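# Geometric and topological summary
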Amino acid sequence: MPELPEVETMVRDLGAVRGARIETARVLRPDVLKNVTPRTLVRRLTGATVRAVSRRAKNAVLHLDDRYLVIQPGMTGSFSIAPRQRHRRPDEEGEAYIVLRLSLADGRALAYRDVRRLGRMYLLPPAGYAAFSDRIGPEPLDPSLTAEAFAEAVRSSRQAIKKVLMDQRRLAGVGNIYANEALFAAGLDPSAPADRLDVEDYRRLLAAVRRILQAAIDAEGTTLRDYRTGSGQPGNFQFDLLVYGREGQPCRVCGTRLAATHAIDARVTVFCHRCQR
Ligand SMILES: [Zn+2]
C-alpha cells in the first residue's frame, strides 16, 4: 500500500486543484465509500470548492467548504487531473476503474481510480475529521516531534519495534517498506521489543525515519508495481532501497548476505545480521 512518501507525492500533485470549484461529481464505483452513500457524496461535492489539499498519515485529504473528503489509496489507487474530454469512450485508458470523477468549473476533471478497489473514501464533517486525525499518531516529518516524544509514543509496547513503528496509532505513515529501511539505517534489530530500546536508539531511529521518508518524497515515492504519481509516472526510490526486496543479496554496508523473515508481523522483514544487532 502506498506509504507516506507516495501519498505525499499524490497530494502535492493534487495541489493543482486548490481553489477549483466542483461543477459535477460522479461516483462510478461506490464500493470504496465507507461512511457515505454515493447520492450524499455527489450532493455534498457538487458546487463545493477545494479549499486545500493535505495529507494525514497515508490519507489524501481534500478540504471542501464544510467537509473533508478523505481518501486512502489502497494498493492501486491513483489520481489524475486532465482537461475534460467530452467524447471519451468508456474503455479508454483506465476509464473503467474510475471510482470518482469531479468535473471542475475551470474545464479540468479530477479522477480517482482504483483498479483493485482496496482503497477507502470517507466524507467527514470538521468534528469527524478531528476525531479521525486524533486516532492517528504524530507525523514523523513534523519538526515539533522530538525524539523524547517519539520514544514516549512507541516504547510503552513490548512488541517488536518494527511492528510498533508501523502502528498508525503510534506513528503516522510508516509501512513495511520504510520500516525495513529505517531500522537498517538506524542499525536496530527489527525484532527487538520496543520497550528495550533506549532514548538514544529512538533518537537514531527517528532521524533515520525522517531522512528516508524525505529522500523518498524527493524521489516521488517507491514504485514496486502499481503506484504512480499524479502525472502517471513511477516513483524512483525503489533504486535507493538498501534492504527491502534485497533478501539474499549482500549488505551494502558490510557485505553480509541479507536475511528475510516473516516471523515478526507476517510481512517480509529484510535485515542484516551484522549491522542490526
Ligand atoms: Zn550489514
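Just so we're clear, the structure is a prediction, and the values are computed from it rather than from any experiment. (Residues numbered from 1 in each chain as written. Predicted model: local features only at pLDDT ≥ 70, side-chain atom pairs only at ≥ 80, totals over all residues. Heavy atoms only, no water.)

### A look at the sheet that holds strand β8 (residues 120-124)
Taken in spatial order, the 4 strands of this open sheet run β2-β3-β4-β8, and their pairing is antiparallel. For this open sheet the edge positions go to β2 (52-56) and β8, each flanked by a neighbour on one side alone. For this sheet, the mean inter-axis angle between neighbouring strands, taken without regard to orientation, is 20°. As paired strands, strand β3 (residues 59-63) and strand β4 (residues 68-72) are joined by 4 bridges and run antiparallel to one another. Considered in β4, the bridge of Leu62 is made with Leu69. (Pairing = 2+ DSSP bridges. Helix = DSSP H or I, 4+ residues; strand = E, 2+ residues; numbered from the N terminus. Axes fitted to C-alpha atoms, helices over the stretch in contact; angles between N-to-C directions.)

### Focus: the coordination of the zinc ion
Within the protein, the atoms that donate to the zinc ion are Cys251 (SG), Cys254 (SG), Cys272 (SG) and Cys275 (SG), at distances of 2.3 to 2.4 Å. Here the zinc ion is ringed by 4 donor atoms whose angles at the metal span 100 to 114°, and the overall shape comes out tetrahedral. Every donor residue of the zinc ion comes from the same chain, spaced as C-x2-C-x17-C-x2-C. You can see Cys254 sitting in the loop between α7 (199-218) and β9 (259-261) and its partner Cys272 sitting in the segment after β10 (269-271), a full 18 residues away along the chain. (Donors = N, O, S within 2.8 Å, 3.2 Å for Na, K, Ca; no water. Tetrahedral: all angles 85-135°; square planar, octahedral: opposite > 155°, others 65-115°.)

### Notes on the pattern of salt bridges
Evaluation of the coordinates by the stated rule reveals 16 salt bridges. The partner of Arg84 in a salt bridge is Glu23, and the shortest N-O contact between them spans 3.4 Å. With Arg84 in the loop between β5 (77-83) and β6 (98-104) and Glu23 in strand β1 (residues 22-27), the pair connects residues that are 61 residues apart, well separated along the chain. Judged by relative accessible area, Glu23 falls into the partly exposed class, the value being 34%. A salt bridge links Arg117 to Asp31; the nearest nitrogen and oxygen atoms lie 2.8 Å apart. Of this pair, Arg117 sits in the loop between β7 (108-114) and β8 while Asp31 sits in the loop between β1 and α2 (38-45), and the two are 86 residues apart along the sequence. Taking the relative accessible area as the measure of exposure, Arg117 reaches 25% and is therefore partly exposed. Beyond isolated ion pairs, a larger network of salt bridges with shared partners links Glu8, Arg12, Arg55, Arg56 and Glu139. (Salt bridge = Lys/Arg side-chain N within 4 Å of Asp/Glu carboxyl O. Buried < 20%, exposed > 50% of the residue type's maximum accessible area, 1.4 Å probe, protein only.)

### Remarks on the packing of helix α6 (residues 176-185) against α7
The geometry of α6 relative to α7 is characterised by a closest axis approach of 8 Å and an angle of 130° between their N-to-C directions. Of the possible angle classes, the one that applies to α6 and α7 is oblique. By crossing handedness, the relation of α6 to α7 is classed as right-handed. Side by side, α6 and α7 meet where Tyr178, Glu181, Ala182, Leu183 and Ala185 of the first sit next to Leu205, Ala208, Val209, Arg211, Ile212, Leu213 and Ala216 of the second. By residue class, the composition of the contact of α6 with α7 is 10 nonpolar, no polar and 2 charged. (Parallel < 35°, antiparallel > 145°, perpendicular 65-115°, else oblique. Left-handed = near helix turned anticlockwise from the far one by under 90°. Contact = heavy atoms within 4.5 Å. Nonpolar A, V, L, I, M, F, W, Y, C, P; charged D, E, K, R; others polar.)

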